[in-house]
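Survey of secondary and tertiary structure
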Amino acid sequence: MASAETIDVPAVELIVCDASSTDSEANGMGSKEIEPLLAASEKPKIDIFSVSYSRRKSREQVTRSAEDELSSLTQFILWAWSGSRYSGLLCMALSSTMYCSMEAISYIYSAQSIPLFEIAFTRCTVTLILSYFWLRRSGQPIFGPTHVRSLLVLRALMGYLSLLSFVYCIQRLPLSQAVVLSFTTPIMASIMARIILHEKLNIAEIGVNYTHPFIEAVGESDCVVNCIYCPGLACSFIGVLFIFQPILGAQGIEGGLPKAEEANNIYVGGSDHTYAVLVGLVSSMSGGISYCLTRAGAKASDQPVITVFAFGMLGSPAAAICTFAFQDFVLPSFYSFLLMVLLAVLAFFAEVFLARGLQLEKTSKVTNIQYIEAALSQLWGLSSSKVAPSFGRLAGCFLIFASTCCTMYFGPDKERE
């Protein structure tokens with residue numbers, strides 16, 4: 001009976017595991033949890049060839065310092081261009097500084113003698129090309145808005161007439177006399193701005209003798225403030241006369257004869273000399289009209305580069321014609337050609353900043369800043385021993401800087417309509 005009965009006993013299976021396998025399995029489970037943090041592909045590999053932190057750091061420091069200097073210069077230029085309170089005056093100061101640097105570069109890196117019309121052709125061509133790409137990149141119409149094109153054409157004509165007259169004046173007069181005549185352009189521009197643009201221009205003598213109509217129109221406070229600018233122009237021009245007085249006096253004693261370095265000047269005596277001086281005044285007057293048209297065109301089109309492009313578009317073919325018609329073409333060497341192109345690029349940016357300054361600021365204020373070119377040129381000549389120090393030069397530089405500082409101090413104030 002007992003053998004026939006079956007007793008159901010639950011089966012228990014015993015599995016004996018080795019201790020080493022248990023440890024490895026436990027380690028495997030732990031490694032699965034840590035594996036995303038210690039993936040083999042993400043483990044840093046360091047060897048002796050990758051340890052160069054000190055050298056890399058020095059390069060980064062040099063690059064960073066250069067970028068900081070470049071960014072500070074860029075920020076200053078952008079601030080001067082942006083249209084802030086001092087933007088117009090600063091743009092004109094940058095333009096005059098570039099013209100002074102052009103004079104220094106041409107003196108230091110002297111090359112072969114190139115005819116003046118050929119130099120003018122190079123500068124006008126480079127100006128035309130650079131202003132074209134500037135306008136294309138900014139998305140502006142190449143020929144400007146329709147209502148501004150007549151102003152642009154007149155600006156180009158007056159600008160090239162001023163350039164043509166100045167070249168003639170340089171060829172017929174001693175260089176110092178031609179330069180002094182060219183510095184009458186800011187005064188002419190202020191007078192022409194009163195006639196063409198109806199800007200307020202108040203000469204000190206008129207402000208004293210004829211105060212009643214002016215006070216009735218704009219008020220006594222404006223009379224006092226606005227009378228400052230014309231003495232500023234006069235003071236700056238007197239400074240120019242102080243700077244060039246020793247040279248002009250020597251030329252007057254010598255009867256107006258040119259020196260050896262001014263061998264290109266001819267017909268400097270008698271009626272021809274008077275005629276050349278009149279042509280120089282025509283150059284200043286047409287240059288003043290060109291400034292007024294530049295201001296009007298830049299304000300109407302809201303783009304000063306358009307006025308520069310208009311001048312290059314007329315000046316480039318006209319200078320080419322004058323080069324082959326009035327002078328012998330000289331094939332420049334490679335070094336001379338590079339120097340001409342460099343000076344042409346600087347002249348382009350100087351013209352752009354000049355147009356921007358005229359766009360933003362009143363003509364009689366901003367043109368006074370142009371005189372710092374003469375002062376900076378004299379200071380550079382004194383520092384490089386190009387010219388001998390004298391009381392006249394130092395006094396002239398002082399008068400110019402004093403006048404321009406007064407303009408910078410009083411100039412940015414808004415005009416009362």
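Conventions used here
- Residues numbered from 1 in each chain as written.
- Predicted model: local features only at pLDDT ≥ 70, side-chain atom pairs only at ≥ 80, totals over all residues.
- Heavy atoms only, no water.
- Patch = residues over 30% accessible without salt bridge, like charges linked within 9 Å, V, L, I, M, F, W, Y side chains within 5 Å.
- Areas by Shrake-Rupley, 256 points an atom, 1.4 Å probe, with all protein chains shown as cover.
- Salt bridge = Lys/Arg side-chain N within 4 Å of Asp/Glu carboxyl O.
- Buried < 20%, exposed > 50% of the residue type's maximum accessible area, 1.4 Å probe, protein only.
- Helix = DSSP H or I, 4+ residues; strand = E, 2+ residues; numbered from the N terminus.
- Polar contact = N/O pair within 3.5 Å; in protein donor to acceptor, adjacent residues only side chain to side chain.
- Contact = heavy atoms within 4.5 Å.
- Phe/Tyr/Trp six-rings, centres within 6.5 Å; stacked < 30°, edge-to-face > 60°.
- Lys NZ or Arg CZ within 6 Å of the ring centre and 35° of its normal.
- pLDDT = per-residue confidence, 0-100.
- Core = buried A, V, L, I, M, F, W, Y, C linked by side-chain atoms within 4.5 Å.
- Axes fitted to C-alpha atoms, helices over the stretch in contact; angles between N-to-C directions.
- Parallel < 35°, antiparallel > 145°, perpendicular 65-115°, else oblique.
- Left-handed = near helix turned anticlockwise from the far one by under 90°.
- Nonpolar A, V, L, I, M, F, W, Y, C, P; charged D, E, K, R; others polar.

Re a nonpolar patch on the surface
Nonpolar side chains collect at one region of the surface, where Leu73, Phe76, Ile77 and Trp79 lie side by side and expose about 360 Å² of accessible area between them. Among the residues examined, Phe76 registers a relative accessible area of 34% and is labelled partly exposed.

Looking at the side chain of Ser290
Residue position: Ser290 is located in helix 12 (residues 270-301). Here the side chain of Ser290 touches Arg155 through a polar contact of 3.1 Å, side chain to side chain. Look past the residues within four positions of Ser290 in its chain and what remains in contact with it is Arg155, Met158 and Gly159.

Thoughts on the packing of aromatic side chains
Following the criterion strictly, the structure yields 11 aromatic pairs and no others. Consider the rings of Trp134 and Phe348, whose centres lie 6.1 Å apart with planes at 70°: the pair is edge-to-face. Residue Trp134 is located in helix 4 (residues 116-138), and its partner Phe348 is located in helix 14 (residues 334-360); the two are separated by 214 residues in the primary sequence. Where Phe324 meets Phe329, the ring centres are 5.6 Å apart and the plane angle is 15°; that geometry is what we call stacked. The exposure class of Phe324 is exposed, given its relative accessible area of 62%. Grouping aromatic residues by their ring pairs yields a cluster made of Trp81, Trp134, Phe348, Phe349 and Phe353. A cation over an aromatic ring shows up here: Arg356 above the ring of Trp81, its NZ or CZ 5.1 Å from the ring centre. For Lys386, the ring lying beneath its charged end belongs to Tyr107, and the centroid distance is 4.5 Å.

Details of the pattern of salt bridges
All told, the structure shown has 4 salt bridges when counted by the stated rule. Across the pair Glu351 and Arg155 runs a salt bridge whose closest N-O atoms are separated by 3.9 Å. Of this pair, Glu351 sits in helix 14 while Arg155 sits in helix 5 (residues 149-172), and the two are 196 residues apart along the sequence. For Arg155, a relative accessible area of 6% translates into the label buried. Across the pair Lys365 and Glu361 runs a salt bridge whose closest N-O atoms are separated by 3.8 Å. Across this residue pair, the class does not change: Lys365 and Glu361 are buried.

Observations concerning the environment of Ile306
Here Ile306 lies in helix 13 (residues 305-326). With near-sequence residues (within four places) excluded, Ile306 lies in contact with Leu135, Pro141, Gly144, Pro145, Leu152 and Ser301.

Quick word on the confidence of the model for the protein chain
Across the protein chain, the average pLDDT comes to 75, with 68% of residues at or above 70. Under a pLDDT of 50 for its full length, residues 203-230 has, in the predicted model, 23 contacts with residues more than four places off or in other chains.

Overview of the nonpolar core
Counting 22 residues, the largest nonpolar core has Met92, Val240, Leu358, Ile369, Tyr371 and Ile400 as the members making the most contacts within it. The dominant element in this core, judged by the number of residues it contributes, is helix 11 (residues 229-253), at 5 residues. Residue contacts for Ile400: discarding those within four places in its chain leaves Ser236, Gly239, Val240, Ile243, Tyr371, Ile372, Ala374 and Ala375. Counting residues in each nonpolar core, the second largest holds 12 residues, with Ile142, Ile306, Val352 and Ala355 among its members.

Description of the packing of helix 5 against helix 6 (residues 175-182)
Where helix 5 meets helix 6, the axes come as close as 8 Å, and the angle between the chain directions of the two elements is 150°. Here helix 5 is positioned roughly antiparallel relative to helix 6, judged by the angle of their axes. With respect to the hand of their crossing, helix 5 and helix 6 are arranged in right-handed fashion. Of the residues in helix 6, those touching helix 5 at Phe166, Cys169 and Ile170 are Leu175, Ala178, Leu181 and Ser182. Residues belonging to the contact of helix 5 with helix 6 are distributed by class as follows: 6 nonpolar, 1 polar and no charged.

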